[in-house]
Amino acid sequence: MNNNSNEHSGFSVRLKTYNEVHRCFLTVGSIYPEDLFSFLLNKCRLKEEPLTFGALCVLKHLLPRSSEAWHNKRPLLLDAVKSLLDEQSLGIQKALSELIVVMASHCYLVGPTAELFVEYLVRHCASSEHDRIDLKSSQVKVRSVCPAELRAICEKGLLLLTITIPEMEHVLWPFLLKMIIPRAYTGAVAMVCRCIAELCRHRSSYNNGIFDDCKDCTNVPNPEELFARFVVLLHNPLAREHQATQILTVLCYLAPLFPRNINLFWQDEIPKMKAYVSDPEDLKLDPSYQETWDDMIINFLAESLDVIQDTNWVISLGNAFTKQYALYMPDDEHSALLHRCLGILLQKVNDRAYVRGKIDWMYKQANITIPTNRLGLAKAMGLVAASHLDTVLDKLKNILDNVGQSIFQRFLAIFSESYRREEPDDVHAALALMYGYAARYAPSMVIEARIDALVGTNMLSRFLHVRHPMAKQAVINAIDLLGRAVINAAENGAPFPLKRRDQLLDYILTLMGRDETDDFADSSLELLRTQALALNACTTLVLVEPKLTIETRNHVMKATLGFFALPNDPIDVMNPVIDNLITLLCAILITSGEDGRSRAEQLLHILRQIDQYVSSNVDYHRRRGCLAVYEMLVKFRMLCVSGYCALGCRGSCTHSKQIDRLHGNFSNLPSAFVSPSREALSLGDRVIMYLPRCADTDSEVRKFSAQILDQLFSISLSLPKPLGSSVGGDIELCYGALSSLEDVIAILRSDSSIDPSEVFNRIVASVCILLTKDELVDTLHGCMPGICARIKQSAEGAILAVIEFVMKRGAELSETNISRTAQSLLSAAGLVPEKQLRLEVLGAISSLSENTNAKVVFNEVLTAAARDIVTKDISRLRGGWPMQDAFHAFSQHIVLSVPFLEHLISVLNRTHVTKSDPGKGENSNLISETQLADEILQAAIFALTAFFRGGGKVGKKAVEQRYSSVLAALVLQFGKCHGLASTGQHEPLRSLLTAFQAFCECVGDLEMGKILARGSEQNEKEKWINLIGDLAGCISMKRPKEVQNICKIFTKSLNLQENFQREAAAAALSEFVRYSSGFSSILEEMVEVLCRHVSDESPMVRCLCLRGLVKIPSVHIYQYTTQVLGVILALLDDLDESVQLTAVSCLLMILETSPNDAVEPILLNLSVRLRNLQGFAWLSGI
């Protein structure tokens, strides 16, 4: 604050001093005017800067007040001022410029001297751009002056001379026209044009012969020179002081200088051009504004020449353009526009010799090492080729032939005045561009042979050795222009195939690759720009005939799809690369296929190639992938819907004609031949790819994914219905769901803050309705990639979608569909890395079981577990065994716990024992069905263990409800597992014992657990049978209410096929029978079954049945004595000694309690049989 205050105070003091000094000089001058005048002139002649500056300031101040006194001194003053025109001091230049304006206002400037002073002002108006500053922020200074301030003073002074001093009109007009052409005054053109316009406007109001003065003056540029200069200077629409607008305004005023018929055309065209550049800020928003403006200038020039129709005047204008090459540096963009201006003029000239001479001059003046100049030259050659194709091609061939000149020729060229050092890269780049633009602008009817010659002779292959990125870009642009020329010819009714098109694609792919020897600065950025241009050129070549072969298509896609994975920065360079890549893929799509089905196949092929980016864990990869998919579906939809062009046009357009040529005209064919079937779109496969992205973390990915689904279903509903199908009531429901989906998309576009979960749920609900049954099945079958998505939110979305589909439409699924869906979900559960996601997947499996056929799902879970047991070490899996989590999920599920437990029991009861060791194979597909059945049994035992230990309250409740079934199943497995243990396979027995112990812990029966611990792994048959008996006794004591149900199960189990199972059942029954006194009905059934199975093929079963019969409670034994004695009597003749011994033992037991009336009838038979056994040693010991 203090510094600002002090500075302001110091400025005020200086200003007051300055004014007081002027007042003193004014006082002195009023008394001694001549002496003061002489004094001031002398100080000016000293040329000492401080004194000269002060003298000029005083003269400027006193001249208006002493004009009468100094009237006769005017020559002396003019001489003194003229002597200062070459001073370099900015302060003196400023003071002198202000003095000139004051002198002019008092009629001091007349004759040639006046023109000298005007030229001085114009010269300082042309100071360079970088010297300009913001005058509002500058401070008024007495001595310190910046160039921009001097420039502003001169511009204001020149404008004041033009507007406010009528006497200066005769000096300024037409002298200001001389200031247009010289190179030194280029920067002042805008102000000079403004002054000329003001003069013309003012003089035309009272003098109709304003332009007659131009004819009488010498050294005034002729109209052709002025027009040539003005047209080129229009190049920069953002130049200071609205230069383009000022030039166009002057052209309108100077129209009478030109041929008469141009006036009306300019009055109509120039306002349009002025309107385009009227708002510089709005113009900057268009990235291609410069290219558009340059094209407008060339069109303006071309149409002006057409209107003039004066060959001599056009020739003169061409000569004027030729002279103006000296006015611009080669790196000035005006020079590039000058090439094009001369090119469009030569297009209008019929004199071939004149044209040849001018293009030689143009090439000589061009500096092809500068990319902008090179491009301008190429475009100019192309414009000339529109009328003189052969002349241009001859010139280009001559240039190409000289590229490979000998070392001796190059040495001699050094001594030539026209020698310029040009690298081969620059020459090849320029030649390639000139060939390209020559083809682009040449008449469509004559270019086929030229392009065939150019491509067929492999001339372009000579351009492949360029190394500089800019040169590569030029060659790529040239090939692109060749392709566009072919497209343009087709649009003009002269179609022809581009020969060796695939070879040109190879050229482009070669040029867009990185050269390992590149050492250019910013090579990575230039490489990206090269690749963007290459993709654009590939798109052009794809659109021309002939169609791409499958091999070429795959080659192009393999070389370009990787661009989706490029880094995101710099964004301004990367965006064109991705946009052009998407455009290329769309072009491949719309030009492929012969009918609807083949186009759909092409679409699916490309989409599946992009899937890896859609499912990437990098945000911008997913954005790019989803954007590409959306754009391709938009194009495909336009192909399927009449009235739309595949490139976005409506109605009839040239693109649709071009595509008709590529594919043939299908207008007379039924729509079924043109449009694909709905099945060809594989909607189920596509939906599960994009639906999870609707829950993505990135808002753009969510929006694009929703739009993709909308496009897919819009396409499917617009396709023709298959023959024989009828539109039912469901079609209205589908359109309602589609409308709901579009409403969600509208919300996503307008409000990004909406809850993503709510949006996702609405999308899933709509998709659930829109899918057909087959598509739903495909969606569920293909859910694994979506669930295994690298983005957690997407994976959760896929899981939620599966659950929704199963809940709403699970009833439509067949057993096969359920099985395959379960397999996909189980595979996903094994692949997801996070525990929480795995639990959510298991929740989806539970939902599938609950809403469909649970038995099928349970079978798939056990099968998957069995395969894991065979192929993996499940105890060492990272993150735990997924199947174990599945077992826990089922056991804790309120609805599924009981069905799952029952299913496990049924598996244990139906599985058959095998006689061979299944082994541990590397591939589960090699496991035989029998081996897999054994492993499923092991999986069921593992599942039971998990159920008992991880079921919680829900699981425990289910076990209590099915206690008898579970116990019976476990006991029956003892027989089988002990049988396997006897062959050396101990693992099944250990697993069973673990499950049994878990069962004991689950139901809280510690005593039974102790029994198992005492003799669990004893393999002797008697010991494990005794163990079963101990368990039966324990259960009878602890849970008497369960005995009846258990006995019923074991009674039926005696009918099983396997010996070990029947032995286990017989062992259990033989013990349970003694506790059956309270169940007379079941006891009767047990006795009947035991009696029936004394003839079992297994001696152990026969023995156990006998033991059971003699254990009948004493209160009931009298009822069955006769029956038991009969059985014993029969078994005394058994061929097995163990059975005979058991029969004798049982006989002794039963005789002790049997009444005489029951024994007497069989006494004789009994004696006979016992006599037959007297030879056995063991009988004598009884």
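Residues numbered from 1 in each chain as written. Predicted model: local features only at pLDDT ≥ 70, side-chain atom pairs only at ≥ 80, totals over all residues. Heavy atoms only, no water.

- Looking up the protein chain in an unreviewed UniProt entry gives the name Protein SHOOT GRAVITROPISM 6, with the organism given as Hibiscus sabdariffa.

1. Details of the packing of helix α3 (residues 49–62) against helix α5 (residues 90–105)
Working step 1: The interhelical angle for the contact between α3 and α5, taken along N-to-C directions, is 20°, at an axis separation of 9 Å. One finds that α3 runs roughly parallel with respect to α5. In the crossing of α3 with α5, the sense of the turn from one axis to the other is left-handed. Note on element contacts: α5 touches α3 through G91, I92, A95, L96, E98, L99 and V102, opposite E49, T52, F53, L56, C57, L59 and K60.
Working step 2: A class-by-class count of the residues in the contact of α3 with α5 yields 9 nonpolar, 2 polar and 3 charged. (Axes fitted to C-alpha atoms, helices over the stretch in contact; angles between N-to-C directions. Helix = DSSP H or I, 4+ residues; strand = E, 2+ residues; numbered from the N terminus. Parallel < 35°, antiparallel > 145°, perpendicular 65-115°, else oblique. Left-handed = near helix turned anticlockwise from the far one by under 90°. Contact = heavy atoms within 4.5 Å. Nonpolar A, V, L, I, M, F, W, Y, C, P; charged D, E, K, R; others polar.)

2. Thoughts on the nonpolar core
Working step 1: Counting 402 residues, the largest nonpolar core has L691, F996 and F999 as the members making the most contacts within it.
Working step 2: When residues of this core are assigned to their parent elements, the largest contribution, 13 residues, is made by helix α28 (residues 571–590).
Working step 3: Leave out the neighbours within four places in its chain, and L691 touches L709, F760, I763, V764, V767, A801 and F805. (Core = buried A, V, L, I, M, F, W, Y, C linked by side-chain atoms within 4.5 Å. Buried < 20%, exposed > 50% of the residue type's maximum accessible area, 1.4 Å probe, protein only.)

3. Quick word on the packing of aromatic side chains
Working step 1: Summed over the entire model, instances satisfying the criterion amount to 24 aromatic pairs.
Working step 2: When the centroid spacing of 5.0 Å and the interplanar angle of 55° are considered together, the rings of F37 and W70 count as tilted. Placement of F37 in helix α2 (residues 33–46) and of W70 in the loop between α3 and α4 (74–82) is noted, with a sequence separation of 33 residues between them. In this structure, F37 and W70 share a single accessibility class: buried.
Working step 3: Summarising the aromatic geometry, the rings of F887 and F900 are spaced 6.1 Å apart at their centres and angled 20° between planes, so their arrangement reads as stacked. Residue F887 is found in helix α43 (residues 882–892), and its partner F900 is found in helix α44 (residues 897–910); the two are separated by 13 residues along the sequence. For the pair formed by F887 and F900, the shared burial category is buried.
Working step 4: Three or more aromatic residues link up through ring pairs in this structure, and these residues are F858, W881, F887, F890, F900, F942 and F947.
Working step 5: A cation over an aromatic ring shows up here: K703 above the ring of F704, its NZ or CZ 5.8 Å from the ring centre. (Phe/Tyr/Trp six-rings, centres within 6.5 Å; stacked < 30°, edge-to-face > 60°. Lys NZ or Arg CZ within 6 Å of the ring centre and 35° of its normal.)

4. A short note on unusual backbone geometry
Working step 1: Residues E545 and P546 are joined by a peptide bond in cis, for which omega reads 0°.
Working step 2: Mapping P546 onto the fold places it in the loop between α26 (523–543) and α27 (550–560).
Working step 3: Positive phi is not limited to glycine here, since H242 has a value of about 50°.
Working step 4: Among the structural elements, H242 can be located in the loop between α11 (223–233) and α12 (243–253).
Working step 5: Relative accessible area serves as the criterion here: at 45%, H242 is assigned to the partly exposed category.
Working step 6: Positive phi, normally seen in glycine, also occurs at Q309, with a value near 50°.
Working step 7: Its location among the elements puts Q309 in the loop between α15 (289–308) and α16 (311–323).

5. Description of the pattern of salt bridges
When the charged atoms of two side chains lie near each other, side chains of opposite charge can form a pair.
Working step 1: Taken as a whole and judged by the stated rule, the model has 41 salt bridges.
Working step 2: Notably, a salt bridge pairs K348 with D306, separated by 3.1 Å at the nearest N-O pair. Taken together, the residues span a long stretch of sequence, with K348 in the loop between α17 (333–347) and α18 (352–365) and D306 in helix α15 at a distance of 42 residues.
Working step 3: The exposure class of K348 is partly exposed, given its relative accessible area of 30%. (Salt bridge = Lys/Arg side-chain N within 4 Å of Asp/Glu carboxyl O.)

6. What about the packing of helix α54 (residues 1099–1110) against helix α56 (residues 1137–1153)?
Working step 1: Relative to each other, α54 and α56 sit at 5°, their axes nearing to 9 Å. With respect to α56, the element α54 is oriented roughly parallel. Between α54, through P1099, R1102, C1103, L1106, R1107 and V1110, and α56, the contact on the second element is made entirely by S1138, V1139, T1142, A1143, C1146 and M1149.
Working step 2: In terms of residue class, the contact of α54 with α56 is built from 8 nonpolar, 2 polar and 2 charged.

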